[in-house]
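Architecture and fold: a report
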Amino acid sequence: MDISKGLPAIQGGLHIWITENQKMVPVPEGAYGNFFEEHCYVILHVPQSPKATQGASSDLHYWVGKQAGAEAQGTAAAFQQHLQEELGGQTVLHREAQAHESDCFCSYFRPGIIYRKGGLASDLKHVETNFFNIQRLLHIKGRKHVSATEGLALTYSLRNRERGGRAQIGVVDDEAKAPDLMQIMEAVLGRRVGSLRAATPSKDINQLQKASVRLYHVYEKGKDLVVVELATPPLTQDLLQEEDIYILDQGGFKIYVWQGRMSSLQERQAAFSRAVGFIQAKGYPTYTNVEVVNDGAESAAFKQLFRTWSEKRSRNQKLGGRDKLIHVKLDVGKLHTQPELAAQLRMVDDGSGKVEVWCMEDLHRQPVDPKRHGQLYAGNCYLVLYTYQRLGRVQYILYLWQGRQATADEIKALNSNAEELDVMYGGALVQEHVTMGSEPPHFLAIFQGQLVIFQERAGHHGKGQSASTTRLFHVQGTDSQNTKTMEVPARASSLNSNDIFLLVTAGVCYLWFGKGCNGDQREMARVVVTVISKKNEETVLEGQEPPHFWEALGGRAPYPSKKRLPEEVPRFQPRLFECSSQMGCLVLAEVVFFSQEDLDKYDIMLLDTWQEIFLWLGEAASEWKEAVAWGQEYLKTHPAGRSPATPIVLVKQGHEPPTFTGWFFTWDPYKWTSHLSDTEVVEGSPAAASTISEITAEVNNFRLSRWPGNGRAGAMALQALKGSQDSSENELMRGPKSGGTRTSSSVSSTSATINRGLRREQLMHQAAEDLPEGVDPARREFYLSDSDFQDIFGKSKEEFYSMATWRQQQEKKQLGFF
């Protein structure tokens, strides 16, 4: 097959081909997302984002319709193989089956995928546009919120692509409240017999199932193919040898084939057939997703199945560039104007903002004296509120620091007190959960190098209780923005030749310098000494310790003395997931090639940057209280064996810090504060409801006749529909009809009522139909008098409406105004 015919110059973006008469032909861009069940498709995605890493892999998908014949499958498979040869080794191969596509595949078609019955006739267009007499019933399936977001997004896409943007959209949330729209539907579909079918439970794979990973070595022995189980998690990269082929089975829902760079061409060409044979031998469904990755061109999802991953090419060059970023003095202006830099360094600023600290005592928060702000105790929990300004706007980060010896009750109190503070600040706090020993860089920076963590429990108002007269402290860091000091067991085995230690005894404080420490470390240690002890200071060099030094530590003992190599910072690609819960288990759906547009107000999204886990809370999300638990479950079930102490950050819609937004290619800070989206207009706007009434008014002027007995619409009904669609543009230009909206007199009456205020019993715990005339059920609290509002909500209306929408809804539900 000569694939050069009809194959354009491969540029960045999406390219799709379809089987037609045993050939592969390009699909017009306007038809992207439509798939005919009797055909096979080949989809090529080439990264074009400026933020894509150099040498990033392309993705090549082979899609099979459920009614596709053997000839179509053979044509598409051969085309994919030849195309792969043209593209070279920097390509990830995917096998996709209809209705079981991978997250990567679905990410290309944001509004959704449409399956078309039958095949594509050669004399027809892929998509018919501007034809009002085409009627189709589509069953929309999604992971969640289909009617609110996914369904509307797909509907808008259909309107714009197939109806020239001129079709009107109606939403039926409650059949009883939308008689006009129901009349149209019944005219076309016939009256429904019986009740609606119950929802079918989703069968999405949860995180616990995805945590089951097994690595197999695949090789030939004579004429036989041998598959040997090699390892289970945690997997290490050195298990993969460049001369061999491996299969990685992730819980039976996805099969990876890894091809070493030195493996034979014959072995690489047989990759898919070997994966299919493995699937059959395991008894997995035939639609199981297959991904073939080449040595040096692995996908982000594959790499993150391993405990660590080092890029074999240009690794030193890349790490060197990152090191330069870390050691350059922080420029606050750059951090504010370059969110991508703030995200990489995990720093919103240089830590020079306002700091407030509370210690959990008797399950309540008690303020800590500013003189002891940097002194934390392992037996306690702390709230650290940081206030800073960015681009003229006040922003907040609330750190929830958890000591290793803190009790479950104290941790629970820490979270509840954080919620109280968040309510006080109108839901504007970014909350970061920090575990002792895993403090993020910015947390260290706000204490200016004077963070000291003591092993005992704090007493009243954060003061340390009595402890042993001999104590040993480990000082780590080179400047005021990365230094912390932690108390360790007072014995010789705790020492390390690469670092500095403070040994505090009854009469003297020894400042012990290991042979491997540098001048910056020594300078910071001298600053920390003044925080820990006021006793006489005595500098001790490794190898020149006085006898009393060893006596205080209980005698000599071996300790690490080899030179410590610089720790390699993991450089995994950030990944975004949509979160949901199924039977109490976390279910994640990845959004590949993500953007701000993928953040929906109804969702909770998880952004994994490897060093931190961000949980983004949409303002209308209903499960935000589960967010931290979901983050913890994600870490616990991750196949790579992630540290449970990885910081978890809660970010609310509209309050995103630059350490979050910097991971997105572009970010519009005014996206959720300017105009309503199309979805919001259709869902809740009174103007939108008025428009639908106007549009359907034309339909009501026709008597909808039916064919006898068959429940289908008659010719008159179809003509009525066509007439209403053809006149829709003119309808939008007319004024409101009688019954469509309230008259001006009723509006005036409502305004007067608002000024006077209604009694609370008229508004609280009332069904929408029982509310006084003119009251908007969604804002019933607004009709209270100012005094009643203050008495019930504990705040003024101005304060209430300045809160995040999801916080408003929460309080309204609790007080009977929802």
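Presented here is a report on the structure given in the accompanying data block. Going along each chain's sequence as written, the residues are numbered from 1 onward. Whole-chain, interface and lining totals are the exception, using all residues; otherwise, since this is a predicted model, local features are given only for residues with pLDDT of at least 70 and side-chain atom pairs are given and counted only at 80 or more. Side-chain figures throughout are based on the complete set of non-hydrogen atoms in the structure, without hydrogens or water.

**Considering the overall build of the protein**
As a reminder of what qualifies: Note on conventions: DSSP H or I runs of at least 4 residues are helices, E runs of at least 2 residues are strands, and numbering of each starts at the N terminus. Only protein chains enter the accessibility calculation, which uses a 1.4 Å probe; a residue whose area is less than 20% of its type maximum is buried, one above 50% is exposed, and one in between is partly exposed. Throughout, the Shrake-Rupley method with a 1.4 Å probe supplies accessible areas, and for residues the shown protein chains are the sole cover considered.
Looking only at helices and strands, the protein features 26 helices and 29 strands. Here the protein holds 818 residues, and the buried ones make up 48% of them. Counting every atom, the protein has about 41300 Å² of accessible surface; 50% of that belongs to carbon and sulfur.

**Some details on the pattern of salt bridges**
Stated formally: For this document, the term salt bridge refers to a Lys or Arg side-chain nitrogen within 4 Å of an Asp or Glu carboxyl oxygen.
One pass over the full model with this rule turns up 27 salt bridges. Lys 66 is the salt-bridge partner of Glu 37, the closest N and O atoms lying 3.9 Å from each other. Within this pair, whereas Glu 37 is found in the loop between β3 (34–36) and β4 (40–46), its partner Lys 66 is found in the loop between β5 (58–64) and α1 (70–87), the two being separated by 29 residues in sequence. A salt bridge links Arg 642 to Asp 608, with the nearest nitrogen and oxygen atoms 2.9 Å apart. Here Arg 642 is found in the loop between α16 (627–637) and β29 (648–652), whereas its partner Asp 608 is found in strand β27 (residues 604–608), with 34 residues between them in sequence. A relative accessible area of 8% places Arg 642 in the buried class. One network of salt bridges, in which partners are shared, links Glu 242, Arg 261 and Asp 295.

**Thoughts on unusual backbone geometry**
Cis geometry is found at the peptide bond from Pro 233 to Pro 234, where omega equals 0°. Mapped onto the secondary structure, Pro 234 falls in the loop between β9 (224–231) and β10 (245–250). One non-glycine residue with positive phi stands out, namely Ala 99, at about 75°. Its identity as a non-glycine residue notwithstanding, Arg 346 has a phi of 65°, on the positive side. Secondary-structure assignment places Arg 346 in the loop between α11 (339–345) and β13 (354–361). Its relative accessible area of 14% is what places Arg 346 among the buried residues.

**A word on the sheet that holds β10**
Here is the rule: Paired strands, in this sense, are two strands between which DSSP finds at least two bridges. Convention adopted: a line fitted to C-alpha atoms gives each axis, helices being fitted over their contacting stretch, and angles between N-to-C directions are expressed from 0 to 180 degrees. Between two residues, a contact is recorded if the distance between any of their heavy atoms is within 4.5 Å.
Pairing within the open sheet is mixed, and its ten strands lie in the order β2-β1-β4-β5-β6-β12-β11-β10-β8-β9. Strands with a single pairing partner mark the edges of an open sheet, and in this sheet they are β2 (23–26) and β9. Recorded for the sheet is a direction-independent mean angle of 20° between the axes of neighbouring strands. In this sheet, β10 lies alongside strand β8 (residues 213–221) in antiparallel orientation, the contact comprising six bridges. Within β10, the residue paired with Tyr 216 across the bridge is Ile 247. Contacts from helix α7 (residues 271–282) reach β6 (91–97), β8, β9, β10, β11 (254–259) and β12 (289–294), with the element oriented near 140° to β11.

**Remarks on helix α14 (residues 519–532)**
Threshold: Given a helix with a known number of residues, its expected span is that number minus one, times 1.5 Å. In the analysis that follows, any N or O atom pair within 3.5 Å is treated as a polar contact, provided that within protein one partner can donate a hydrogen and the other can accept it, and provided that, for residues neighboring in sequence, both atoms belong to side chains.
In this model α14 runs 20 Å from its N-terminal to its C-terminal C-alpha over 14 residues, within 8% of the 20 Å that 1.5 Å per residue would give. Buried within α14 are the following residues: Gln 521, Met 524, Ala 525, Val 528, Val 529, Val 531 and Ile 532. The N-terminus of α14 is capped by Asn 518, whose side-chain oxygen sits 3.2 Å from the backbone nitrogen of Asp 520.

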